[in-house]
Number of protein chains: 4
Amino acid sequence: MTGNTFGTLFRVTSFGESHGKAIGCIIDGCPSNLALSEADLQKELDRRRPGQSGVTTARKESDRVEILSGVFEGKTLGTPIALLIRNEDARSKDYDALKEVFRPGHADYAYLQKFGLVDHRGGGRSSGRETAARVAAGAVAKKLLALQGIRVIAFTRAVAGIEAQATDLAAIEANPVRCPDPAAAKRMEEAILAAKAAGDSLGGIVEIQVKGCPAGLGEPVFGKLDAELAKALMSLPAVKGVEVGAGFAATRLKGSENNDSYTASEDDQPVPATNRAGGVLGGISSGEEIIARIAVKPPSSIALPQKTVDHAGRETEIAIQGRHDPCLCPRVVPVAEAMAALVLVDALMMQKARQW
Amino acid sequence: MTGNTFGTLFRVTSFGESHGKAIGCIIDGCPSNLALSEADLQKELDRRRPGQSGVTTARKESDRVEILSGVFEGKTLGTPIALLIRNEDARSKDYDALKEVFRPGHADYAYLQKFGLVDHRGGGRSSGRETAARVAAGAVAKKLLALQGIRVIAFTRAVAGIEAQATDLAAIEANPVRCPDPAAAKRMEEAILAAKAAGDSLGGIVEIQVKGCPAGLGEPVFGKLDAELAKALMSLPAVKGVEVGAGFAATRLKGSENNDSYTASEDDQPVPATNRAGGVLGGISSGEEIIARIAVKPPSSIALPQKTVDHAGRETEIAIQGRHDPCLCPRVVPVAEAMAALVLVDALMMQKARQW
Amino acid sequence: MTGNTFGTLFRVTSFGESHGKAIGCIIDGCPSNLALSEADLQKELDRRRPGQSGVTTARKESDRVEILSGVFEGKTLGTPIALLIRNEDARSKDYDALKEVFRPGHADYAYLQKFGLVDHRGGGRSSGRETAARVAAGAVAKKLLALQGIRVIAFTRAVAGIEAQATDLAAIEANPVRCPDPAAAKRMEEAILAAKAAGDSLGGIVEIQVKGCPAGLGEPVFGKLDAELAKALMSLPAVKGVEVGAGFAATRLKGSENNDSYTASEDDQPVPATNRAGGVLGGISSGEEIIARIAVKPPSSIALPQKTVDHAGRETEIAIQGRHDPCLCPRVVPVAEAMAALVLVDALMMQKARQW
Amino acid sequence: MTGNTFGTLFRVTSFGESHGKAIGCIIDGCPSNLALSEADLQKELDRRRPGQSGVTTARKESDRVEILSGVFEGKTLGTPIALLIRNEDARSKDYDALKEVFRPGHADYAYLQKFGLVDHRGGGRSSGRETAARVAAGAVAKKLLALQGIRVIAFTRAVAGIEAQATDLAAIEANPVRCPDPAAAKRMEEAILAAKAAGDSLGGIVEIQVKGCPAGLGEPVFGKLDAELAKALMSLPAVKGVEVGAGFAATRLKGSENNDSYTASEDDQPVPATNRAGGVLGGISSGEEIIARIAVKPPSSIALPQKTVDHAGRETEIAIQGRHDPCLCPRVVPVAEAMAALVLVDALMMQKARQW
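Here the structure is a predicted model, which means the values were calculated and not measured.

## Some thoughts on the overall build of chain A
Secondary structure summary: chain A contains 7 helices and 18 strands in total. Its C-alpha atoms give chain A a radius of gyration of 21 Å, within 12% of the compact-globule value 21 Å for 356 residues. For chain A, the spread of C-alpha atoms along the three principal axes comes to 70 × 50 × 40 Å. Relative to its full complement of 356 residues, chain A shows a buried share of 68%. Contacts spanning at least 24 positions in sequence make up 69% of the contacts within chain A whose residues lie at least 6 apart. Side-chain charges in chain A split into 43 positive and 43 negative, and the spacing between the mean points of these groups amounts to 4 Å.

Right, dumping it as structure tokens:
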């Protein structure tokens, strides 16, 4: 329960309030001799950046990342990699009116109860802005995984009940919703724009797939691979649920329907006929594709008027103006990939540690 | 990702294979001067014990727990509390036929890939039997929470799609399914018995409620309360999904529908009109009831024949005889409570640590 | 600062009061497929056991260790290894007279202040008896290290100012003091027996040597190899100081005297002409022999009368009867080896984790 | 063994190479509502800064610290506090000649073996420069401790065998050696200047005293207060030994001489007549003054010629020019205070966490 540090061997420690001077993180435990540049990180940050399209917030942040340490002549040193992203487009004044009001769905009240004070500007530490640090760290994890043939891909599976029927991975980055089904993507986009126009917001489901993951990763009984993924993904702002493989649908199946029966491969290995387990058995990767899905709630910041209460206990009404995402899924996609990558690198390092 | 240790301040380290000499755990970090007896633990263990009713396995384990250390003259010393449960009814021979066969849905293959060898008897470490240690540790956590007015309750919300409509907490322990809706409980029981008779098994949903939890618990941004709950619950055998509050249903709501608007209480505090957040905002408890649900898959051990492969790569068919649970939910209930209690005690201790 | 758990990847969690039911530990993270039997552990425990010779306590404990889990058909499973040692010769009545008196040099007062209650019998958790669990865990670590060509050796370097001049490792186990200089050993033994006869006790210095350690172990800047060794060794009962290489003597040398200059080996590697660094540079093993020494205070339990105070604040005098070690060094030797072995295994696993 | 993170509840994660862009750290877990400004940190950093006097290096670093997050309107938010110190006076060219040579006493060789590459400029991560981040973090810890009446003081006890006889705490900051005995300070200063003139360097002993520490801190059996202090202090560059209370001198005392006998205070508490235990009993603070001493080796960078070997295995001779400390003690003083403060804050938080 170490608040702002994630991971056991590949450890990311994050910092920064939304409207403070900067956000960033320190990565400790990264193997040495990995080729790493700011461009490697920027590429992923640009996928999370605000202002990419009409379905994301219009807030402008270039989110330029600076590597402060741990890299020398283009290679990681094995020492801590500190990453810094200065905040730029912080219209803190936008938040003055909200300073003394508890925004429904937001963490204002909980933060105030926990800490006794709160940086109200843009949500402070509870802002989704902190996820930029996760994405930067995840970019390093992804490079390490790629060297071992492991690839993490996420996409928008559903928005407001509209589900992708096809899974064409090549289509994902070709539409603003990051949906692998172009037809569904179109309908999702329209729904998001309609909600935005109405001053409202939409939720959705993001799916994560891990390809090329070897069997054997995960640390039962508490550090199971799916348990660590669940923590990693549930720690994202707005995520209210996580499922692996058949997930909640498995609760309506019989054992005879849900079990993945085996056939033999040419080299005499067991091959599951289906993948309802989602690539994890007993908390350990089985060698099959790992599949997880997360429930992303509709953003809490909406322009429609909402009943609320101020710090003095007076009932009031607010309409949150400003620039907010009408649906978080498109920007959650790279963040979910980052968190899954962090878990996998850590699990891989744990497994390597025990090869005697 | 510390495999068999759970928690940061209230730490539980678990051990034991299903058919080895014993299972148990060490609890480290428990406050001193807590009244504690073996009876306190036994009471909870008896709720998890096999052989309670027709809807659970017929395996007989008295699961007698022995406190080896950390308690002196009826009080905790503040030193590690070691708990020991000897294994008794281990019919290891039942498993000889399965020794060289990968059971569909089970962890045999993944364990073998991870460790290079496996204790095949009864699932070894991957057996649900290890959860007895969680329950014993959770009983200590529950006693600590009770002293602070916090209560953790779980129950079967659904079995095979049959959902409890009422939530009468008093009804839970009065039926073998541990369902808070007596009418639904009856239908669930019938469904389970029918599946059992057919050599098959059923899945379901267990809901966890935490009452009396103060606002302010949880350690953002990675150790959010819901993230820790997700890890804790997903680490249970057979759990394939976790959701908090509205969970996956929130993905089909608009922001204006999903946000919990506030009214003012008599003492000028904000009171949410609804609880779609499930008692957690920004990863911190809000003071509302905490609500989580977990997806429990149908047990993998079924009597119906299944296609599979043996260690030599030969395709074969198995029908798992022996004594197995036709539906896990009734026995998962006390285990889920234990895990939630462990998370809450830890979160409470984290918060106390910072009071200056 | 996790009280009763030691290590990051090879984790030992210890439990047990001196006069409770049992002591023991759980080892989590041990690689699988290591040949391991109770005899492997017993061999080391017998070196720590009380009653070995005239210079140790006469308390009789057979210290039989039982492996409860984690080993199957003679091999480690990769799952937690639980070790149990039942307490036998607990003459708890001996301690009744001391129940309400603070014994000088002992931890009674500090424990009472920390926990509000204390198991007074034989020192409870603060007894040196807990080190048996360390030795058992260390025996597993030593087996792992041996497979990588690493050997940990400790011996009594000095007793009451009498210093070993020779370092004949073969001589260590041949005398009851475990001193590598037979002549000095004789004088040490006489000094210890004289102190014992006088109702007093003696301190001494134990030296630890690690042979065959590869360069590259240790985790700067906080987890330096010497820092972890210092913690490990200072956590032993009665240890009041730790030094590495030239240690405190280096404070009286000039840089030109203390630096280990290099010559080239036949295969062009730098070879230090001396080893004042003690095998650690910048907190990382250099490939040279690792050398550490610990200051072991004279045991606090002495028969001579001492002024003290009881729980009610009354001044009184006590003379601690019973069976106590007149000098701890001979029995600290295997314990110090165990702690050094635990550090090294952990450091080795950390290093393996990062090989990409 | 988490390399660059220190602490369990008050966690400091450090980064930065000596001649990279910056050094700094993130403090996670700091209680909220603590008044904190950059000036609070700067005051301590100025005590560690190079170029303070003739007995320290002439390197000029203003070491200006910037708070990037975690503080809002002068108060800590309870969120991570990121601290940044940009590197300025990095004459990296000075090190070009040393790029391919292993400097005796330095970590070059060990780092190269561990990581396969190394930032040779100014020692990279192994430079004492990283301790600035420790001092900044320690300044926060000291503020927290002060609010609880705990004060950490360090000073130079000895240089090259010249020992302080008096302990006048008011004298410490009045002389460049930071020695509490003005007469000894004068002799130490002369010795240091003479060594410097001769192109050589001197070692010494720094003593740490903790005043006002309540009884009850420390987490046996592995996280004992003295064990954590030993790790914290041994992790400092150039430290080769740590002792508590009588330390190594206790090995030459008898039990009857070393035990601290008790008398009763006016309020019936046991008061030790002496403090050979150094304020720690059984690894727990006893309420007495905590006393520790560390052995600081003479700096390895000396102008005198030394035999060594280059990366190609050729024997050569180097004379390290540039600006180096002739004795580290004066600058180690604030760093040792910082590390002790970090340990104490963590131990205090651990203890608070368990008050039920």
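## A short note on the relation of the copies chain A and chain B
Rotating chain A by 180° and translating it 0.0 Å along the rotation axis places it on chain B, where the RMSD comes to 0.0 Å. Those values place the two copies in the arrangement expected of a two-fold rotation axis. Across chain A, the smallest distance between a C-alpha and the rotation axis is recorded for Lys231 of chain A, namely 2.4 Å. A share of 100% of interface residues in chain A that are also interface residues in chain B marks the association as one of identical surfaces.

## Concerning the packing of aromatic side chains
Taken as a whole and assessed by the stated rule, the structure comprises 18 aromatic pairs over all chains. In textbook terms, an aromatic cluster arises when at least three aromatic residues are bridged by ring pairs, as seen for Phe102 and Tyr109 of chain A together with Tyr262 of chain B. A cation sits over an aromatic face here: Lys114 of chain C above Phe115 of chain C, 5.7 Å from the ring centre.

## Observations concerning the packing of helix H5 (residues 225-234) of chain C against helix H7 (residues 329-353) of chain C
Residues and elements named next belong to chain C. Running from N to C, H5 and H7 point in directions that differ by 145°, and their axes come no closer than 9 Å. Handedness of the H5/H7 crossing: right-handed. Contacts between H5 and H7 involve Leu225, Glu228, Leu229, Ala232 and Leu233 on the former and, on the latter, Ala336, Met339, Ala340, Val343, Leu344 and Ala347. Here the contact of H5 with H7 is composed, by residue class, of 10 nonpolar, no polar and 1 charged.

## Quick look at the interface of chain D and chain C
Taken together, the 107 residues of chain D in the interface contact 107 residues of chain C. Across the chain D to chain C interface the summed buried area is about 8300 Å²; carbon plus sulfur atoms make up 63%. Where chain D touches chain C, the interface holds 4 salt bridges. Its salt-bridge partner being Lys114 of chain C, residue Glu219 of chain D comes within 3.1 Å of it at the nearest N-O pair. There are 47 residue pairs in polar contact (both at pLDDT 80 or more) connecting chain D and chain C. A class-by-class count of the residues in the side of chain D that touches chain C yields 48 nonpolar, 35 polar and 24 charged. Alignment of strand E11 (residues 239-244) of chain C against strand E11 (residues 239-244) of chain D, held across 3 bridges, turns out to be antiparallel.

## Details of the relation of the copies chain D and chain C
Overlaying chain D on chain C yields an RMSD of 0.0 Å, the required transformation being a rotation through 180° with an accompanying axial translation of 0.0 Å. Both copies contact each other with a shared surface, as 100% of the interface residues of chain D are interface residues in chain C too.

## A look at empty space enclosed by the protein
Space inside the largest cavity adds up to approximately 1200 Å³. Along its surface, the largest cavity is lined by 45 residues, and Thr2 of chain A, Thr2 and Thr8 of chain B, Thr2 of chain C together with Thr2 of chain D are the ones closest to its centre. Here the lining of the largest cavity gets 3 residues from one element, more than from any other, and that element is helix H7 (residues 329-353) of chain A. Split into classes, the residues belonging to the lining of the largest cavity amount to 13 nonpolar, 16 polar and 16 charged.

## So, the confidence of the model for chain A
Per-residue pLDDT for chain A has a mean of 95; in total, 99% of the residues score no lower than 70. Taken together, the chains of this predicted complex give a pTM of 0.98 and an interface ipTM of 0.97.

## Points about helix H2 (residues 108-115) of chain D
In terms of burial, H2 of chain D is a largely internal element, 6 of the 8 residues being buried. Burial in H2 of chain D covers these residues: Asp108, Tyr109, Ala110, Tyr111, Lys114 and Phe115 of chain D. At its buried positions, H2 of chain D is contacted by strand E12 (262-264), strand E13 (270-272), strand E14 (280-281), strand E15 (284-285) and H7 of chain C. Just downstream of H2 of chain D lies Gly116 of chain D, where phi reads positive at about 85°.

## Comments concerning the sheet that holds strand E8 (residues 151-159) of chain D
With antiparallel pairing, the 10 strands of this open sheet are ordered in space as E9(C)-E8(C)-E10(C)-E16(C)-E11(C)-E11(D)-E16(D)-E10(D)-E8(D)-E9(D). The open sheet is flanked by strand E9 (162-163) of chain C together with strand E9 (162-163) of chain D, the only strands paired with a single partner.

## Observations regarding the interface of chain A and chain B
Interfaces are frequently sized by the accessible area removed from exposure as the parts join. On the chain B side, the residues contacting the 107 residues of chain A number 107 residues. Summing both sides of the interface, chain A and chain B together bury roughly 8300 Å²; the carbon and sulfur share of this comes to 63%. If you look at where chain A meets chain B, you find 4 salt bridges. Connecting chain A to chain B are 47 residue pairs in polar contact (both at pLDDT 80 or more). Looking at the side of chain A that touches chain B residue by residue, the class counts come to 48 nonpolar, 35 polar and 24 charged.

## Quick notes on the UniProt feature "binding site: NADP(+)" (unreviewed entry) in chain A
Residues and elements named next belong to chain A. As recorded in UniProt, the sites labelled "binding site: NADP(+)" (unreviewed entry) are Arg48. Tracing the backbone through its elements, the reader meets Arg48 in helix H1 (residues 38-48). Look at Arg48 and you get buried, because its relative accessible area is 3%.

## Quick word on the UniProt feature "binding site: FMN" (unreviewed entry) in chain A
Under the local residue numbering, the UniProt record ascribes the feature "binding site: FMN" (unreviewed entry) to Arg125, Ser126, Ser127, Gly282, Lys297, Pro298, Pro299, Ser300, Ser301 and Arg323 of chain A. In summary, the annotated positions, distributed over 199 residues, remain apart in three dimensions as well, the widest C-alpha pair reaching 43.9 Å. In this fold, Pro298 of chain A is placed in the loop between strand E16 (290-296) and strand E17 (306-309). Judged by its relative accessible area of 0%, Pro298 of chain A is buried. Here Pro298 of chain A is in contact with Ser201, Leu202 and Gly203 of chain A together with Ala250, Leu253, Lys254, Gly255 and Asn258 of chain B, once residues within four sequence places are set aside. Turning to its location among the elements, Arg323 of chain A is positioned in the loop between strand E18 (315-318) and H7.

## Looking at the packing of helix H3 (residues 131-146) of chain D against helix H7 (residues 329-353) of chain D
All names here are of chain D. Where H3 meets H7, the axes come as close as 7 Å, and the angle between the chain directions of the two elements is 50°. Between H3 and H7, the interaxial angle falls into the category oblique. As H3 packs across H7, the resulting crossing turns out to be left-handed. From H3, Thr131, Arg134, Val135, Ala137, Gly138, Ala141, Lys142, Leu144 and Leu145 reach across to H7, where they touch Pro334, Val335, Glu337, Ala338, Met339, Ala341, Leu342, Leu344, Val345 and Leu348. Looking at the contact of H3 with H7 residue by residue, the classes come out as 14 nonpolar, 2 polar and 3 charged.

## A word on the pattern of salt bridges
Taken as a whole and judged by the stated rule, the model has 104 salt bridges over all chains. The salt bridge involving Arg47 of chain B is made with Glu44 of chain B; its shortest N-O contact spans 3.1 Å. One end of the pair, Arg47 of chain B, and the other, Glu44 of chain B, are both in helix H1 (residues 38-48), 3 residues apart, so they sit about a helical turn from each other. Connected via shared salt-bridge partners are Glu44, Arg47, Lys142, Glu173, Arg178 and Glu337 of chain A.

Calculation notes
- Residues numbered from 1 in each chain as written.
- Chains lettered and ligands numbered in written order.
- Predicted model: local features only at pLDDT ≥ 70, side-chain atom pairs only at ≥ 80, totals over all residues.
- Heavy atoms only, no water.
- Helix = DSSP H or I, 4+ residues; strand = E, 2+ residues; numbered from the N terminus.
- Rg over C-alpha atoms; globule rule 2.2 N^0.38 Å.
- Buried < 20%, exposed > 50% of the residue type's maximum accessible area, 1.4 Å probe, protein only.
- Contact = heavy atoms within 4.5 Å.
- Lys, Arg positive; Asp, Glu negative; His and termini not counted.
- Charge placed at Lys NZ, Arg CZ, Asp CG, Glu CD.
- Least-squares fit on C-alpha atoms with pLDDT ≥ 70 in both.
- Phe/Tyr/Trp six-rings, centres within 6.5 Å; stacked < 30°, edge-to-face > 60°.
- Lys NZ or Arg CZ within 6 Å of the ring centre and 35° of its normal.
- Axes fitted to C-alpha atoms, helices over the stretch in contact; angles between N-to-C directions.
- Left-handed = near helix turned anticlockwise from the far one by under 90°.
- Nonpolar A, V, L, I, M, F, W, Y, C, P; charged D, E, K, R; others polar.
- Buried area = accessible area lost by both parts, 1.4 Å probe.
- Salt bridge = Lys/Arg side-chain N within 4 Å of Asp/Glu carboxyl O.
- Polar contact = N/O pair within 3.5 Å; in protein donor to acceptor, adjacent residues only side chain to side chain.
- Pairing = 2+ DSSP bridges.
- 1 Å grid on protein atoms, 1.4 Å probe; cavity = no way out; pocket = protein on both sides within 12 Å on 5 of 7 lines; lining within 4 Å.
- Points joined across faces, edges and corners; volume = space filled by probe spheres on them.
- pLDDT = per-residue confidence, 0-100.
- UniProt positions renumbered as here; feature names shortened; annotations may be inferred.
- Parallel < 35°, antiparallel > 145°, perpendicular 65-115°, else oblique.

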